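Spelled out from the first residue to the last, the chains are:
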Amino acid sequence: MHAADAFVAALRADLGPDRVVTDPEVAATHAVDWTGRFHGVPPAVVRPRTVDEVAAVVATAIEHGIALVPQGGNTGLVGGATPCDGEVVVDLRALAAVTDVDPVGGQLTAGAGTTVADVQAAARGAGWAYGVDWAARDSATVGGSVATDAGGLRFVRHGSTRRQLLGVEAVLGTGATIRHLPAVEKDNTGYDLAALLCGSEGTLGLVTAARLRLVPPAGPLATALVGFASTAAAVEAASVLRRSLAGLEAVELVLADGVALVRSVTGLPAPLAAEAPVLLLVEAGDHVDPERRLAEAVAGLDGVLDAAVAVDGPRRAQLWRYREEHTSAISTVGPPHKFDVTLPAAALAAFIDDVPDVVAAVAPSARTWCFGHAADGNVHVNVTGLAPDDEAVADVVLQRVADLGGSISAEHGIGRAKRRWLHLARTPSEVGAMRAIKAALDPHGLCNPAVLLPPP
Ligand SMILES: Cc1cc2nc3c(=O)[nH]c(=O)nc-3n(C[C@H](O)[C@H](O)[C@H](O)COP(=O)(O)OP(=O)(O)OC[C@H]3O[C@@H](n4cnc5c(N)ncnc54)[C@H](O)[C@@H]3O)c2cc1C
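Predicted model only: the values in this text are computed from it and were never measured. (Residues numbered from 1 in each chain as written. Predicted model: local features only at pLDDT ≥ 70, side-chain atom pairs only at ≥ 80, totals over all residues. Heavy atoms only, no water.)

Explain the overall build of the protein to me, please; I cannot follow it from the model alone.
Each helix and strand counted, the protein has 16 helices and 16 strands in total. Over its C-alpha atoms the protein spans a radius of gyration of 22 Å, differing by no more than 12% from the 23 Å that the globule rule assigns to 456 residues. Principal axes of the C-alpha set define a box for the protein whose edges measure 70 × 55 × 45 Å. Residue pairs at least 24 apart in sequence account for 74% of intrachain contacts in the protein once pairs closer than 6 positions are excluded. Surface exposure of the protein reaches about 18100 Å², of which carbon and sulfur atoms provide 55%. (Helix = DSSP H or I, 4+ residues; strand = E, 2+ residues; numbered from the N terminus. Rg over C-alpha atoms; globule rule 2.2 N^0.38 Å. Contact = heavy atoms within 4.5 Å. Areas by Shrake-Rupley, 256 points an atom, 1.4 Å probe, with all protein chains shown as cover.)

As structure tokens, this is what we get:
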């Protein structure tokens, strides 16, 4: 019997037939990434409902030598959850309970399959907030966000997922289950295994639950969309706001061509009376008078062409759409190649201005779309009009980032998409240390083997 068939038969006997799906039509719904760039044909999709069932899946995979790709909401943007090499998909969305909410300490435990929106709702219900947020909140899961160390729209205030993480429960590639979900805030009892699994992209094991730190709610929010004459003026303004505006929650950057695309897809009206080549979406919370404070802060910035400030929910939501609809709108042009990169503050504006020419030099008919988290130096360079396997653009864009002292992955991870370029961000000895960790925690090499680390 073929190894995959034996794996399926053994797991069905152990967990019951409904946990193991081999119907090609169902499997196909797990076989393509969100961008449409990466495809695979999984022999099976496994749907465990408890940590013990996940442990049974890993034990059976070890017995039969079957590679596994963990999958949550499948909103990842680097092909990390796609079974391109015939791996079995482990769909973790059924582990979706929120438990042990501590409204006094500001913590909760969430199963790996819990969506980020459900964590946010549970936090609100306890009088707190969850510090990480982004447009895919309704589908992206706790497991996926831990595995990618997701950043998002409020990184400037609360940092990435790693900063919210107090502990994890996971089944490692060794088959062992680790469970450290502390009820305390401070805990430095040795190696921080949660931090190690955070950002490991499913290569060390399968996260089944996370203990999450909550943050104080922001208070009433004001949101501004501010048009600038140049990228340099917008980047400088982001720095000024970080230093001067208390309660700053988000500073996002979009460009005129991206806004025009969003408008053509959504039918939104022009955001400002004046045409602006670069716009910042700024949000801040304040318990006294958020609108006045934000308007005053914007009025004090250099290079502003026009601005709109809102405090009521629907109008704020509309301003956010000019930013949040970018990812979807760009995908209507065609499957994008995504380069989620960070630059030192001093290099950010020139990089954003230059990168279309860097792309055009090797792909004249491609289009480049930039937007991102301005306060974090994080720009999402999206390139449409390329063949799925084109690597020339990645070569020049990622090399440019490295030359400027930036990082080739800010928050999406390395995945399949960028593992060939890991050496631009990590030294050989660092990659060697990562391989040693992988060998220790996934000695059979069955946990997402084609992700993050390049082939030796
Ligand atoms: C519209 C849109 C906007 C986005 N904006 C942002 C943003 O602002 N910031 C940001 O950081 N990301 C953003 N993303 C990317 C994406 O939402 C995140 O990477 C998210 O963390 C992925 O979660 P997921 O549950 O969908 O994971 P998946 O896509 O299913 O998986 C992602 C990776 O995690 C691994 N994985 C999944 N679950 C587990 C688990 N339980 N245990 C171990 N490994 C696991 C997978 O194998 C894969 O390598 C955006 C995506 C979209 C579509």
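So what exactly am I meant to see when it comes to the site of the ligand here?
Around the ligand, the surrounding shell holds 35 residues, and the nearest of these are Pro70, Gly72, Thr75, Gly76 and Thr141. Between an oxygen atom of the ligand and a main-chain N or O atom of Pro70, the distance comes to 2.6 Å. Glu411 is positioned with one of its side-chain polar atoms (N or O) 2.9 Å from a nitrogen atom of the ligand. Contact with the protein chains covers 97% of the free accessible surface of the ligand, which is 970 Å². Listing elements by their share of the shell around the ligand, those giving two or more residues are strand E3 (68-71), helix H5 (142-148) and strand E9 (205-213). (Near = heavy atom within 4 Å. Polar contact = N/O pair within 3.5 Å; in protein donor to acceptor, adjacent residues only side chain to side chain.)

Is there a simple way to think about the pattern of salt bridges in this case?
Summed over the entire model, instances satisfying the criterion amount to 29 salt bridges. Put simply, Arg137 and Asp133 hold a salt bridge, and the shortest N to O gap is 2.6 Å. With respect to class, Arg137 is no different from Asp133; both count as buried. Salt-bridge contacts for Glu169 lead to Arg179; the nearest nitrogen and oxygen are separated by 2.7 Å. Taken as a pair, Glu169 in strand E7 (residues 165-172) and Arg179 in strand E8 (residues 177-180) lie far apart in primary sequence, 10 residues in all. On the basis of relative accessibility, which here comes to 7%, the residue Glu169 falls in the buried class. Take Arg179: its relative accessible area is 61%, and that puts it in the exposed class. (Salt bridge = Lys/Arg side-chain N within 4 Å of Asp/Glu carboxyl O. Buried < 20%, exposed > 50% of the residue type's maximum accessible area, 1.4 Å probe, protein only.)

Help me out: how do you make sense of the packing of helix H1 (residues 3-15) against helix H3 (residues 51-64) in this one?
For any two helices packed against each other, one specifies the crossing angle of their axes together with the interaxial distance. Between H1 and H3, whose axes approach to 10 Å, the crossing angle comes to 150°. Classified by the angle their axes make, H1 and H3 are roughly antiparallel. Note on packing geometry: the crossing formed by H1 with H3 is right-handed. Residue-level contacts link Ala3, Ala6, Phe7, Ala10, Leu11, Asp14 and Leu15 of H1 to Glu53, Ala56, Val57, Thr60, Ala61 and His64 of H3. (Axes fitted to C-alpha atoms, helices over the stretch in contact; angles between N-to-C directions. Parallel < 35°, antiparallel > 145°, perpendicular 65-115°, else oblique. Left-handed = near helix turned anticlockwise from the far one by under 90°.)

Would you mind going over the packing of helix H9 (residues 231-244) against helix H14 (residues 345-362) with me for this structure?
In contact at an axis separation of 9 Å, H9 and H14 are set at 150° when each is read in the N-to-C sense. In terms of orientation, H9 and H14 fall into the roughly antiparallel class. For H9 against H14, the interelement crossing comes out right-handed. Every residue of H14 that contacts H9 at Thr231, Ala232 and Val235 is listed here: Ala345, Leu348, Ala349, Ile352 and Asp353. Per-class residue counts for the contact of H9 with H14 are six nonpolar, one polar and one charged. (Nonpolar A, V, L, I, M, F, W, Y, C, P; charged D, E, K, R; others polar.)

What is the right way to look at the domain arrangement of the protein in this model?
How big an interface is tends to be expressed through the accessible area that disappears when the partners come together. On domain assignment, one finds that the protein holds domain 1 (3-93), domain 2 (98-213), domain 3 (221-327) and domain 4 (333-438). Computed from C-alpha atoms alone, the centre-to-centre distance between domain 1 and domain 3 is 42 Å. (Domains from an automatic or database assignment.)

Just checking my understanding: could you explain the pairing of strand E11 (residues 248-255) for this structure?
Moving residue by residue along a regular strand, the side chains alternate between the two faces of the sheet. A large share of E11 lies buried, amounting to eight of its eight residues. Where E11 meets strand E12 (residues 278-285), seven bridges bridge the pair, whose relative direction is antiparallel. Across the sheet, the residue bridging to Glu252 is Leu281, located in E12. (Pairing = 2+ DSSP bridges.)

What exactly am I supposed to notice about the sheet that holds E3 here?
Either a parallel or an antiparallel arrangement is found when strands of a sheet pair, and the pairing is made through backbone hydrogen bonds. Taken together, the four strands give an open sheet; going across it, the order is E1-E2-E4-E3, and neighbouring strands pair in mixed fashion. Strands with a single pairing partner mark the edges of an open sheet, and in this sheet they are strand E1 (20-21) and E3. Both E3 and strand E4 (residues 88-91) contribute to a ladder of four bridges, which runs parallel. From the neighbouring strand, Gln71 faces E4, where its bridge partner is Asp91.

Please explain the pairing of E4 as it appears in this structure.
Burial of E4 is two-sided: the residues Val88 and Val90 facing one way and the residues Val89 and Asp91 facing the other way are all buried. Relative to E4, strand E2 (residues 45-46) runs parallel, the two being bridged by two bridges. Residue pairing in the sheet places Val46 in a bridge with Val90 of E4.

Any chance you could explain the side chain of Asp376 here in plain terms?
Mapping Asp376 onto the fold places it in the loop between strand E15 (367-373) and strand E16 (378-384). At 6.3 Å, Arg242 is the nearest oppositely charged side chain to Asp376, a buried residue that forms no salt bridge. Every residue in contact with Asp376, bar those within four places of it in the chain, is listed here: Gly152, Phe155, Val156 and Thr342. (Lys, Arg positive; Asp, Glu negative; His and termini not counted.)

How should unusual backbone geometry be read in this particular structure?
Most peptide bonds take the trans configuration, and most residues that are not glycine carry a negative phi. Its identity is not glycine, yet Glu201 carries a phi of approximately 60°, on the positive side. Inspection of the secondary structure assignment puts Glu201 in the loop between helix H8 (193-197) and E9. Phi at Leu452 is positive, roughly 70°, even though this residue is not glycine. Inspection of the secondary structure puts Leu452 in the segment after helix H16 (428-441). Given a relative accessible area of 10%, Leu452 falls into the buried group.

Could you clarify how one ought to interpret the sheet that holds strand E14 (residues 337-342) in this entry?
One open sheet accounts for seven strands, arranged E13-E10-E12-E11-E15-E16-E14; its pairing is antiparallel. Only two strands of the sheet have a single partner each, and these edge strands are strand E13 (304-310) and E14. Along the sheet, successive strands turn relative to each other by an average axial angle of 15°, direction set aside. By the bridge criterion, six bridges tie E14 to E16 in an arrangement that is antiparallel. Residue pairing for E16: Phe339 is matched across the bridge by Val381. Its contacts with the sheet put helix H12 (residues 313-324) on strand E10 (221-228), E11, E12, E13, E15 and E16, and the angle it makes with E10 is roughly 45°. Most of the contacts of H14 go to E16, to which it runs at about 10°, and overall it touches E11, E14, E15 and E16.

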